[in-house]
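Examination of the molecular architecture
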Amino acid sequence: MTGDDIKHLPLEDLHVAAGARFGAFAGWSMPLTYPAGVMKEHLHTREHAGLFDISHMKLFEISGSGAEALLNRACPFDAGALEISQSKYTFFLNEAAGIIDDLIVTRLGRQRFMVVANAGNAEADEKHLRQLADSDAKGDFDAKIEALDRVFLAIQGPEAWAALSRAGIETGSLLFMHGFEPRENWFMSRSGYTGEDGFEIGLPEAEARNLVAKLLEDERVMWVGLAARDSLRLEAGLCLHGLDITPEIDPASAGLMWAIPKEVRASGAFIGADALRSILERGPVQKRVGLKPEGRQPVRAGAALFDADGNPAGHVTSGGFGPSTGHPVAMGYVQASLAKPGAKLFADVRGAKIPVDINPLPFTPHRYRKG
């Protein structure tokens, strides 16, 4: 990708002024770290509140009489079961049940939904939805698909709600995995890609600048970059599309079947339904697991895994040092027969064999506000 093709965040000038170090991610120039550094940014989020610019992600509004039917065909879930303001983690799957993208869908009204898509997949997701809507000769999928132009911010951590309250935004009625429109052209949800209580807010640029200024007046709030976002989500055992889940990996292998209701597994007509049912029938060949390397040496994505006899056993998809855990953490895929605590594996790190234990996920407990 040439420099001309790189997309820039609407608030890039604020990140430059804050001393951010930038890097390319999913076609965007993104703040990786700020002067405090990844360790402090990570721990500050766990203890107080981290502010993330996630405007590289995309918000789509889907509306109309066929919105539910379209989503039920595109995703392995039941859009009709969502109550107004309820959010659901789900996927777009291909015919082989591979994960094209993972998404959060929120019902905004009787015939209106908000979809949050990942940065690298946003254009492909929009095309996928439009082709699906256009392929329907009977008109069942009659829906308007609108990609919204919004700044998208996340504020995560145990003091996020208090910082938002001080900035004039009350969050008390909003529970985990719910979203609503607090003001015109705003969308706000409570989910959290860090394992902490947190909020995501999509809003027009001018209002975003005003909100950021108010939030940063609060000593509990600190800008946090993509590097700490990665270590936070890895400790929380959360997948990154493109690494831990891809179009070659199905939800059963990824340990994400909890996101697909039993009745949808049994009789849903979503894309990839037959393939997923057959995977479930015979059992997945590989499974995603948490991995705890011995010692202090992080084991990175791409490292091959071997069993005690030196036979290939799998590979690492995400890995690094866990600032909250105080030791290296990783995730990866291993043969289903080895996917149990106590299995002894070894990771190849530049020719050295590092002992690795299978570790339950998450590495740090989730602290979402569910009630």
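For the structure, see preceding data.
Please read these numbers as outputs of a predicted model, since none were measured by experiment. (Residues numbered from 1 in each chain as written. Predicted model: local features only at pLDDT ≥ 70, side-chain atom pairs only at ≥ 80, totals over all residues. Heavy atoms only, no water.)

**Observations concerning the overall build of the protein chain**
Formally: Every helix listed is a DSSP run of H or I at least four residues long, and every strand listed is a run of E at least two residues long, numbered separately from the N terminus. Values of the radius of gyration come from C-alpha atoms, whereas the globule rule sets the reference at 2.2 Å times the count of residues to the power 0.38. Residue exposure (1.4 Å probe, protein chains only): buried if accessible area is under 20% of the type maximum, exposed if over 50%, otherwise partly exposed. Residue contacts follow a heavy-atom distance rule, with two residues in contact if any of their heavy atoms lie within 4.5 Å. Here, Shrake-Rupley sampling with a 1.4 Å probe gives the accessible areas, and only protein chains in the shown set may cover a residue. Only four residue types enter the tally: Lys and Arg on the positive side, Asp and Glu on the negative side; His and the chain ends are excluded. Taken as the charge centre is NZ of Lys, CZ of Arg, CG of Asp or CD of Glu, depending on the residue.
Helices and strands together make up the secondary structure of the protein chain, namely 9 helices and 20 strands. Computed over the C-alpha atoms, the radius of gyration of the protein chain is 21 Å, within 12% of the 21 Å expected from 2.2 N^0.38 for a compact globule of 371 residues. Taken over the C-alpha atoms alone, the protein chain extends approximately 60 × 55 × 45 Å along its principal axes. Within the protein chain, the fraction of its 371 residues that count as buried is 54%. Relative to all contacts within the protein chain whose residues are 6 or more apart in sequence, the contacts with residues 24 or more apart total 66%. Entry remark: accessible area of the protein chain is about 16,000 Å², with carbon and sulfur atoms responsible for 52%. In the protein chain, 39 side chains carry a positive charge and 48 a negative one; their mean positions are 5 Å apart.

**Here's the deal with the packing of aromatic side chains**
We count it as follows: Each pair of aromatic rings taken from Phe, Tyr and Trp, with Trp reduced to its six-membered ring, is defined by centres within 6.5 Å and is described as stacked if the planes are under 30 degrees apart, edge-to-face if over 60, and tilted in the remaining cases. Charge-over-ring placement is defined geometrically: NZ (Lys) or CZ (Arg) within 6 Å of the ring centre, and within 35 degrees of the ring normal.
Following the criterion strictly, the structure yields 4 aromatic pairs and no others. Every member of this aromatic cluster is reached through a ring pair, and the members are Tyr 89, Phe 91 and Trp 258. The ring of Trp 186 has Arg 183 sitting right over it, with the charged end atom 4.4 Å from the ring centre. Stacked on the ring of Phe 52, the Lys or Arg Arg 229 has its end atom at 5.7 Å from the ring centre.

**Observations regarding helix H3 (residues 67-74)**
Note that an α-helix has 3.6 residues per turn; residues three or four places apart therefore point the same way. Test applied: The directions from the helix axis to the C-beta atoms form the arc being described.
Within H3 the residues assigned to the buried category are Ala 67, Leu 70, Leu 71 and Ala 74. End-on, the buried residues of H3 take up no more than an arc of 95°, which puts them together on one face. Buried residues along H3 sit in contact with strand E5 (58-63), strand E6 (87-93), strand E7 (99-109), strand E8 (112-117), helix H4 (122-134) and strand E9 (144-147).

**As for the nonpolar core**
Our working rule: Put simply, buried Ala, Val, Leu, Ile, Met, Phe, Trp, Tyr and Cys residues joined by side-chain atoms within 4.5 Å make one nonpolar core.
Counting 26 residues, the largest nonpolar core has Tyr 89, Phe 91, Ile 245, Leu 256 and Leu 276 as its most contacted members. Those elements giving two or more residues to this core turn out to be E6 and helix H9 (273-282). Every residue in contact with Leu 276, bar those within four places of it in the chain, is listed here: Ala 97, Asp 250, Pro 251, Ala 252, Met 257, Ile 260 and Phe 270. Counting 25 residues, the second largest nonpolar core, distinct from the first, contains Ala 160, Ala 163, Ala 167 and Phe 199.

**Details of the environment of Arg 296**
With respect to the secondary-structure elements, Arg 296 resides in the loop between strand E15 (286-293) and strand E16 (304-306). In this structure Arg 296 comes out as exposed when scored by relative accessible area, which is 59%. As for Arg 296 and Met 257, which are separated by 39 residues in sequence, their C-alpha atoms are 33 Å apart. Those residues in contact with Arg 296 that sit more than four places away from it in its chain are Phe 321, Gly 326 and Pro 328.

**What to know about the packing of H3 against H4**
How we decide: Working convention: axes come from line fits to C-alpha atoms, limited for helices to the stretch in contact. Angles between N-to-C directions cover 0 to 180 degrees. The hand of a helix crossing depends on one turn: near helix anticlockwise from the far one by less than a right angle means left-handed, and clockwise means right-handed. When residues are grouped by polarity, Ala, Val, Leu, Ile, Met, Phe, Trp, Tyr, Cys and Pro land in nonpolar, Asp, Glu, Lys and Arg in charged, and all others, Gly among them, in polar.
Where H3 meets H4, the closest approach of the two axes is 10 Å, and the angle between their N-to-C directions is 115°. Crossing hand, H3 versus H4: right-handed. Here H3 contributes Leu 70, Arg 73 and Ala 74 to the contact with H4, which in turn contributes Leu 129, Leu 132 and Ala 133. Here the residues of the contact of H3 with H4 are counted per class, giving 5 nonpolar, no polar and 1 charged.

**Brief notes about the pattern of salt bridges**
So the rule is basically this: Salt bridges are defined as contacts in which a side-chain nitrogen from Lys or Arg sits within 4 Å of a carboxyl oxygen from Asp or Glu.
Within the structure shown, the criterion is met by 20 salt bridges. Where Arg 166 meets Asp 218, a salt bridge forms, and the shortest distance between an N and an O atom there is 3.7 Å. Taken together, the residues Arg 166 in helix H5 (residues 160-166) and Asp 218 in the loop between helix H6 (205-216) and strand E14 (221-223) connect sequence positions 52 residues apart. Accessibility expressed as a relative area gives 61% for Arg 166, which makes it exposed. With a relative accessible area of 2%, Asp 218 lands in the buried category. A salt bridge links Arg 190 to Asp 197, with the nearest nitrogen and oxygen atoms 2.7 Å apart. Since its relative accessible area comes to 2%, Arg 190 is described here as buried. Judged by its relative accessible area of 8%, Asp 197 falls in the buried class. Overlapping salt bridges, with partners in common, bring together Arg 46, Glu 196, Glu 235 and Arg 367 in one network.

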